[in-house]
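Spelled out from the first residue to the last, the chains are:
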Amino acid sequence: MMGGGCPSFGMMGHGRMGQGSWGDGGWFRGMMGRQPKMGAMVEGRLAYLKGELNITVEQQPAWDAYASAVTGRVELMQGMHEGMAKTMQTGTATERMDARISGMEAMLESMKAMKPATDGLYSVLKDEQKAVADELIGGDCGAF
């Protein structure tokens, strides 16, 4: 969400690549261990983005809709990751592939759900705000 790229389960392998990496479930345990902090990270990112965009009172309703969509997307993706973790650690090759496909489909649907709120926000921004939005929104996996 906050930079550097878009990890995907398909690119990371299936979790059996050796000790200390994903092979012992370390990647998923690490992700799951950080889940409670995800809400604070999202709130922080939204506060940063709102400040950088200099959202005005008139733009607040569009901002609120966007922030709500972001929060909903994050919650959806957290639930999906929780469901995938066990399969990625213990599932068969075909079960892991099915989990990856489901995850990618969920990501696509989530991004589609974000589009109207993003369009709504973008439509009320002034040109200088749009330049900031172009730089900060949607770069990593279509994330906020």
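To be clear, the structure that these remarks concern was listed above.
The residue count restarts for each chain, going from 1 along the sequence in the order it is written. Local features in this predicted model are restricted to residues whose pLDDT is 70 or higher, and side-chain atom pairs enter the listing and the counts only when it is 80 or higher, whereas totals over whole chains, interfaces and linings include all residues. Heavy atoms from the whole structure form the basis of all side-chain values; hydrogens and water molecules are not counted.

*Asks:* Please explain the overall build of the protein chain as it appears in this structure.
*Replies:* The helix and strand tally for the protein chain stands at five helices and zero strands. Secondary structure is summarised from DSSP: a helix means a run of H or I of at least four residues, a strand means a run of E of at least two, and numbering begins at the N terminus for each. Helices and strands appear in the protein chain in the N-to-C order α-α-α-α-α. Only protein chains enter the accessibility calculation, which uses a 1.4 Å probe. A residue is then buried if its area is under 20% of the maximum for its type, exposed if over 50%, and partly exposed in between. Taken over 144 residues, the protein chain has a buried fraction of 33%. The contacts of the protein chain with a sequence gap of at least 6 include a subset with a gap of at least 24, amounting to 73%. Total accessible area computed for the protein chain in this model is approximately 8,400 Å², and 59% of it derives from carbon and sulfur atoms. Here, two residues are considered to be in contact whenever any of their heavy atoms come within 4.5 Å of each other. We get accessible surface area from the Shrake-Rupley algorithm with a probe of 1.4 Å; when it comes to residues, only the shown protein chains can shield them.

*Asks:* Quick question: what am I supposed to make of helix α5 (residues 127-136) here?
*Replies:* Quick reminder: α-helices carry 3.6 residues per turn. Residues three or four places apart thus point the same way. Residues of α5 that are buried: Q129, A133 and L136. Each buried residue of α5 sits inside an arc of 75° when the element is viewed along its axis, so together they form one side. Turned more than 90 degrees from where α5 packs its buried face, D127, E128, D134 and E135 sit exposed. Just downstream of α5 lies G138, where phi reads positive at about 85°. Read the arc as the range of directions from the helix axis to the C-beta atoms.

*Asks:* Sorry if this is basic, but what is going on with the environment of E95 here?
*Replies:* By the element assignment, E95 lies in helix α4 (residues 93-124). According to the relative accessible area criterion, E95 is partly exposed, its value standing at 40%. By the criterion applied in these results, polar contacts are pairs of N or O atoms within 3.5 Å in which, for protein atoms, one can donate a hydrogen and the other can accept it, and in which residues neighboring in sequence qualify only through two side-chain atoms. A polar contact of 2.8 Å, which involves the side chain of E95, links it to the backbone nitrogen of T92.

Limitation: the analysis is restricted to geometry and does not speak to function.
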